[in-house]
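Single-letter residue listing:
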Amino acid sequence: MKRGLADMLRGGVIMDVVNPEQAKIAEDAGAVAVMALERVPSDIRRDGGVARMSDPHMIQEIQATVTIPVMAKARIGHFAEAQILQALDVDYIDESEVLTPADEENHIDKWGFTVPFVCGATNLGEALRRIGEGACLIRSKGEAGTGNVVEAVRHLRTINAQMRRLASADAAEIYRLAKDLQAPLPLVLEVASTGHLPVPMFCAGGISTPADASLVMQLGAEAVFVGSGIFKSEDPQLMARAIVEATTHYLDASVVAKVSTGLGAAMRGAETSTLELRLAERGW
Amino acid sequence: MVAARVGVLSLQGDVREHVATLRSIGVVAVAVRTLHDLDAVDGLIIPGGESTTIARLLETSGLRFALGERLRDGMAVLGTCAGLIVLSRSIVDGRADQWSFGTLEVDVRRNGFGRQIASFESVIEVNGIGPVSGVFIRAPKIEAWSSAVTVLATHDDGSGPTPVLVRQGAAWGCSFHPELTDDHRIHELFVASL
């Protein structure tokens, strides 16, 4: 049952929003869901300090504003924050590396919840460990809050390459590959026979233009999360609509070209090789 | 006789499952994203997804009016979940500006069976088929319908039976997701009506 839930988000854009006004702009633009959080990742990066679950009041205000699903973030391993979010009836919980981890060894046992979870991954082993813990949706981590798509591309390509390797492995090699991936054997066997993840794979981390959305969709992402990229751009309304259209028509470059025209400035962005804080390294 | 070509509206949602279901019952399934795609199909499935997103993308892709015309001309159509909302005559308690085609004379409430956390699976008795497994995800609830609508299945969530599979002429609407199970009989029923 949990596996079907995230299918309804496919081909869509999930947007980070920090207040009801932004949530309304996102819904108007055609977002399939919003992620309610107090600060977008680029501000978390700038401000430093401990980043925690959002104030329930802020989440409830957003739930009252939009008709689309509302997601919210809990810290890695912080099952009490997840319990609170479930009690608030959020539609998905993102156990997210963007917040400060609460447990540096264990993630949340997601099977203990009825609300579906989304988790980040940088490679196939990490993705399958999260699915083994009960995640029903995997997103590439990318490097959140940078406006730089390079890490998301690295993660998608890594996961795809590792899945192709599994698909071509013979029966004896599978066990060693499962060991190398540090992933549950039943899930490794499933990927080897189907050629794809058992749950949808979305992309997050650094997407800030329609071209970025088209790029990651062509690399096999089934939907995109856009964090700082929309509300840190010059014209959020226009950017939101353009990314929604580019995600649907990602194979038609003439549509992507049309919606990319006259958008104003995208978020400024950061070179990832000089970053002091690498969020993608959080998660185990 | 040329085999029927059934389109799946491929703007957003669980398109892949519908395409796979159609292909497994031997139907030529085509992704529909443009006017050109729409012209080439004999019937259409509008999948599950987010109805506000699908409605917005129908406008930006220029499909809204062309599809509306095909629907008025009586093209066969099946809407599941969000697709049912898009085909309905009115949306109860939705966004004030959300439009729908009005092909099916039903009033639906978005997430009428509850939010994501209230998603459920239940055995549904379908007229002419028998029991099928119904997967309900933030499912819309049909709260009122005209006498022109044939109710093919109902579900009782404790507040009395409500229709979950309906037909009005060439148009079919379904609150749940027949495309998410291995039981293809609802798709077969729809395809047989083409």
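Residues numbered from 1 in each chain as written. Chains lettered and ligands numbered in written order. Predicted model: local features only at pLDDT ≥ 70, side-chain atom pairs only at ≥ 80, totals over all residues. Heavy atoms only, no water.

### Examining a negative patch on the surface
Residues and elements named next belong to chain A. Together, Glu21, Glu38, Asp55 and Glu61 make up a region of like negative charge exposed at the surface. Following the sequence through the fold, Asp55 ends up in the loop between α3 (41-47) and α4 (56-65). Assessed through its relative accessible area of 36%, Asp55 is described here as partly exposed. (Patch = residues over 30% accessible without salt bridge, like charges linked within 9 Å, V, L, I, M, F, W, Y side chains within 5 Å. Areas by Shrake-Rupley, 256 points an atom, 1.4 Å probe, with all protein chains shown as cover. Salt bridge = Lys/Arg side-chain N within 4 Å of Asp/Glu carboxyl O. Lys, Arg positive; Asp, Glu negative; His and termini not counted. Charge placed at Lys NZ, Arg CZ, Asp CG, Glu CD. Helix = DSSP H or I, 4+ residues; strand = E, 2+ residues; numbered from the N terminus. Buried < 20%, exposed > 50% of the residue type's maximum accessible area, 1.4 Å probe, protein only.)

### Considering helix α8 (residues 171-181) of chain A
All names here are of chain A. Every buried residue belonging to α8 is among Ile174, Leu177, Ala178 and Leu181, and all of these are buried. The arc enclosing the buried residues of α8, seen along the axis, measures out at 105°, which places them on a common side. Across α8 from its buried face, at more than 90 degrees, point the exposed residues Ala172, Tyr175 and Lys179. In this fold, the buried residues of α8 make contact with α6 (124-132), α7 (150-167) and α9 (185-194). Between a side-chain oxygen at the N-terminus of α8 and the backbone nitrogen of Ala172 the separation is 3.0 Å; the capping residue is Asp170. Phi turns positive one or two residues past the end of α8, at Gln182, with a value near 55°. (Arc of directions from axis to C-beta. Contact = heavy atoms within 4.5 Å. Polar contact = N/O pair within 3.5 Å; in protein donor to acceptor, adjacent residues only side chain to side chain.)

### A word on empty space enclosed by the protein
Residues and elements named next belong to chain A. Per the counting criterion, the structure on display carries four cavities of 30 Å³ or more. When its volume is computed, the largest cavity comes out at roughly 200 Å³. As for the largest cavity, its lining consists of 25 residues, and the residues nearest its centre are Pro41, Ala144, Ala204, Gly205 and Gly227. For the lining of the largest cavity, the secondary structure elements donating two or more residues are β4 (92-96), β8 (224-226) and α11 (228-231). Its residues placed into classes, the lining of the largest cavity shows nine nonpolar, ten polar and six charged. Put simply, the second largest cavity is a space of about 140 Å³. (1 Å grid on protein atoms, 1.4 Å probe; cavity = no way out; pocket = protein on both sides within 12 Å on 5 of 7 lines; lining within 4 Å. Points joined across faces, edges and corners; volume = space filled by probe spheres on them. Nonpolar A, V, L, I, M, F, W, Y, C, P; charged D, E, K, R; others polar.)

### Describing the pairing of strand β7 (residues 120-126) of chain B
The two faces of β7 of chain B differ: Phe120, Ser122, Ile124 and Val126 of chain B on one face are buried, but Glu121, Val123 and Glu125 of chain B on the other face are not. Counted along the chain from β7 of chain B to the antiparallel partner strand β8 (residues 130-136) of chain B, the turn is three residues long, and its residue Gly128 of chain B has a positive phi close to 85°. (Pairing = 2+ DSSP bridges.)

### Quick notes on the environment of Val77 of chain B
All names here are of chain B. Tracing the backbone shows Val77 in strand β4 (residues 76-80). Taking the C-alpha atoms as reference points, Val77 and Ile45, separated by 32 residues in sequence, lie 5.6 Å from one another. Look past the residues within four positions of Val77 in its chain and what remains in contact with it is Leu44, Ile46, Leu71, Leu87, Ala170, Ala171, Trp172 and Phe190.

### Quick notes on the packing of α8 of chain A against α9 of chain A
All names here are of chain A. It is the contact of α8 with α9, at a shortest axis distance of 10 Å, that shows an interaxial angle of 115°. For α8 against α9, the interelement crossing comes out right-handed. Here α8 contributes Ile174, Tyr175, Ala178 and Leu181 to the contact with α9, which in turn contributes Leu185, Val188, Leu189 and Ala192. For the contact of α8 with α9, the residue count by class is eight nonpolar, no polar and no charged. (Axes fitted to C-alpha atoms, helices over the stretch in contact; angles between N-to-C directions. Left-handed = near helix turned anticlockwise from the far one by under 90°.)

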